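Geometric and topological summary
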Amino acid sequence: LQNLRGPVLAAYQVLEQPLVQTVVASGRVVAVSRAQVGSPVTGVVVKRLVQEGDVVQPGDVLAVLRADDFEAAVREAEASLAQLQQSARPQAQAALRDAEARLAQASREVQRRQGLFQRQLIARETMEQAIQVQTTARTAAEQARLAAHALGAGQPNEAAALARLASARAQLAKTTIRAEVGGTVLTRNAEPGDLVQPGRILFEIARTGDTEILVPLDEKNLEVLAVGQAAQCVADAYPARPFAAKVSFIAPSVDPQRGTVDIRLSV
């Protein structure tokens, strides 16, 4: 029977497997999000403390502006508060004590003259004069009491002075430009001597987080795309070191001019 067999020929073994479609496209690495840092006040940059590529943490100082005017405003607000607490308030309290003393003296004089008047030792006009002095002293004491109360601790005058001081300090703090988020400095547009204004972007920071790859694909590939699909990425700088990724986002619209749909791959 062995002699009846024909020659051994090469052949293919047919197996049932899922059909795999591969989509090849070029993309670029993007940060998950970027923070643009500017100056909330107008000023001249005196120090720049970071440059491109530096890693910063929330609160790190990026640049410092000249703060002469803002420091003067703080000193003025501090002096105004000190004047209220150390001068105006003690003076008002002293004036209140003096007014109360005058009122007490006028009240005693009225009582004395009333006794004399009842014994018909003085004229009515003399007694009425004492009552008028007492009324004037009572009015002065009430005014002094209101003035001392307005200058008291926690009252509107002190609250307004404290608010002015807090506002001046807040403006001064704005001359120190800090990072609000942690990440890597991508761009810097400020140098010592530059005049900066609100609205101008001084630094751009890529937030610390996962890396994504943005890939614009031809819309004809939409049919085979789905979130969660596996992807293989190769960087031009490191062609021998491919790395895995997966589809994390598919744009809900197609670019009408390019006929592409943006997808994001999470690394």
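Attention here is on the structure that accompanies the text. What you see is a predicted model; the values in this text were computed from it and never measured.

Contact pair helix α1 (residues 68-118) / helix α2 (residues 124-150): the axes reach a minimum separation of 8 Å and the direction vectors enclose 160°. If you check the angle between α1 and α2, you find them roughly antiparallel. Here α1 and α2 pass one another in a crossing that is left-handed. Across the contact of α1 with α2, the residue classes break down as 18 nonpolar, six polar and seven charged.

In terms of strand pairing, strand β3 (residues 43-48) meets strand β5 (residues 61-65) through three bridges, oriented antiparallel. Bridge pairing in β5 links V45 to L65. Two strands pair when backbone bridges link them, and β5 and strand β6 (residues 176-178) are joined in this way by three bridges, in the antiparallel orientation. Note that in β6 the partner of V64 across the bridge is T176.

On the secondary structure map, A153 appears in the loop between α2 and α3 (156-173). Since its relative accessible area comes to 58%, A153 is described here as exposed. Between the C-alpha atoms of A153 and Y238, which are 85 residues apart in sequence, the distance is 69 Å. Apart from residues no more than four positions distant in its own chain, A153 is found in contact with R89 and E158.

Turning our attention to the sheet that holds strand β2 (residues 34-38). Strands sit in the order β2-β9-β7-β4 across an open sheet of four strands; the sheet is antiparallel. The two strands at the open ends of the sheet, each matched to only one other strand, are β2 and β4 (55-56). Note: strand β7 (residues 183-188) against strand β9 (residues 201-207), five bridges, orientation antiparallel. Among the inter-strand pairings, G183 is bridged to a residue of β9, identified as R207.

Another point: unusual backbone geometry. With a phi angle near 60°, Q120 is a residue other than glycine that sits in the positive phi range. Relative to the elements of secondary structure, Q120 occurs in the loop between α1 and α2.

Criteria and thresholds
Residues numbered from 1 in each chain as written. Predicted model: local features only at pLDDT ≥ 70, side-chain atom pairs only at ≥ 80, totals over all residues. Heavy atoms only, no water. Axes fitted to C-alpha atoms, helices over the stretch in contact; angles between N-to-C directions. Helix = DSSP H or I, 4+ residues; strand = E, 2+ residues; numbered from the N terminus. Parallel < 35°, antiparallel > 145°, perpendicular 65-115°, else oblique. Left-handed = near helix turned anticlockwise from the far one by under 90°. Nonpolar A, V, L, I, M, F, W, Y, C, P; charged D, E, K, R; others polar. Pairing = 2+ DSSP bridges. Buried < 20%, exposed > 50% of the residue type's maximum accessible area, 1.4 Å probe, protein only. Contact = heavy atoms within 4.5 Å.

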